[in-house]
Amino acid sequence: MTKTIRRIWNAITTVIVIAAVLLAAAFVGVRLIGFQVFTVLSGSMEPTYLTGSLIYVKSVDYTELEPGDVITFLLDEDTVATHRIVEVLPDEEDPAVLRYRTKGDANDVEDGGLVHYRNVIGTPVFTIPYLGYVAAYIQSPPGTYVAIAAGAILILLVFLPDLFSSDDDEKKQKDEKKQRDSIPILGQAEEASKI
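For the structure given in this document, a descriptive report is provided here. Bear in mind that the values here come from a model prediction, so they are computed numbers and not experimental data.

Together, V17, V21, I155, V158 and F159 make up a nonpolar patch on the protein surface, roughly 420 Å² of accessible area in all. Mapped by element, the contributors of at least two residues to the nonpolar patch are α1 (3-27) and α3 (141-182). The dominant element in the nonpolar patch, judged by the number of residues it contributes, is α3, at 3 residues. Here V21 is to be found in helix α1. Overall, the relative accessible area of 51% leaves V21 in the exposed class.

Dropping the structure here:
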């Protein structure tokens with residue numbers, strides 16, 4: 001490869017590797033610092049959280065939650081929602097047990113049931129719009145295969161130039177050696193002319 005093509009190739013593969021690392025950090029790496037990642041599947045909290053966004057949720061002390069705070073919580077075993085607290089209701093028998101009345105910003109009415117404090121996962125800290133579509137696609141079987149194939153291609157893109165350059169370097173070294181061997185040294189040329 002010529003030096004210009006190699007530089008362009010290195011720049012392209014560097015950008016692709018950086019993008020892959022950033023996506024991995026966005027999907028998985030943030031979990032190492034205590035965030036849980038969820039995809040916004042409905043428009044109930046628009047415009048605060050757009051459909052298809054990724055939201056990053058940090059656990060929170062349930063006793064510090066107030067009306068106006070946004071919480072992510074379990075609706076049931078399989079469903080997670082993110083809505084705003086409208087009212088905090090202590091239990092009549094045990095004031096340490098709190099329940100929260102919630103409502104989506106885009107919804108006209110409050111949610112039907114109260115959220116028990118044990119169902120609160122946390123509060124959203126930040127969001128990345130539209131990245132949830134990518135996360136949802138990667139989690140489905142066709143998307144998983146595409147992601148694995150893209151990773152394999154990325155590895156090839158990074159290491160392929162090195163494979164070709166070693167062959168080119170060997171050929172260049174052989175050519176240089178041939179060229180050196182074919183040029184007579186001054187002393188050898190004089191002796192050859194005496195014979």
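Right, let's talk about the environment of D108 for a bit. Assignment of secondary structure puts D108 in the loop between β5 (98-103) and β6 (115-116). Considered as a pair, D108 and S44 are 64 residues apart in the sequence and their alpha carbons are 9.6 Å apart.

For the rest of this paragraph, the subject is the pairing of strand β7 (residues 120-128). In this sheet, β7 lies alongside strand β2 (residues 54-58) in antiparallel orientation, the contact comprising 5 bridges. Its bridge partner being in β7, K58 is matched across the sheet by T123. Relative to β7, strand β3 (residues 70-74) runs antiparallel, the two sharing 2 bridges. From the neighbouring strand, T72 faces β7, where its bridge partner is G122.

Summed over all chains, the structure comprises 4 salt bridges. Of the charged contacts in the structure, one is a salt bridge between R101 and E110, with a shortest N-O distance of 3.8 Å. Given a relative accessible area of 39%, E110 falls into the partly exposed group. Counted as one network, the salt bridges with shared partners bring together E87, R101 and E110.

With antiparallel pairing, 7 strands are arranged side by side in an open sheet as β1-β2-β7-β3-β4-β5-β6. Only two strands of the sheet have a single partner each, and these edge strands are β1 (35-39) and β6. Along the sheet, helix α2 (residues 131-139) contacts β1, β2 and β7; its crossing angle with β2, the most-contacted strand, is approximately 90 degrees.

As for its placement among the helices and strands, T82 is situated in strand β4 (residues 80-90). Within the structure, the side chain of T82 is placed 2.9 Å from the side chain of T72, a separation counted as a polar contact. Excluding its chain neighbours within four sequence positions, the residues that come into contact with T82 are S44, M45, Y49, I55, V70, I71, T72 and P124.

Further remarks concern the environment of I121. Take I121: it is sitting in strand β7. With 63 residues separating them along the chain, I121 and K58 place their C-alpha atoms 7.8 Å apart. Other than its neighbours up to four places away in sequence, I121 contacts Q36, F38, V57, S59, T72, F73, L74 and V80.

Conventions and cut-offs
- Residues numbered from 1 in each chain as written.
- Predicted model: local features only at pLDDT ≥ 70, side-chain atom pairs only at ≥ 80, totals over all residues.
- Heavy atoms only, no water.
- Patch = residues over 30% accessible without salt bridge, like charges linked within 9 Å, V, L, I, M, F, W, Y side chains within 5 Å.
- Areas by Shrake-Rupley, 256 points an atom, 1.4 Å probe, with all protein chains shown as cover.
- Salt bridge = Lys/Arg side-chain N within 4 Å of Asp/Glu carboxyl O.
- Helix = DSSP H or I, 4+ residues; strand = E, 2+ residues; numbered from the N terminus.
- Buried < 20%, exposed > 50% of the residue type's maximum accessible area, 1.4 Å probe, protein only.
- Pairing = 2+ DSSP bridges.
- Contact = heavy atoms within 4.5 Å.
- Axes fitted to C-alpha atoms, helices over the stretch in contact; angles between N-to-C directions.
- Polar contact = N/O pair within 3.5 Å; in protein donor to acceptor, adjacent residues only side chain to side chain.

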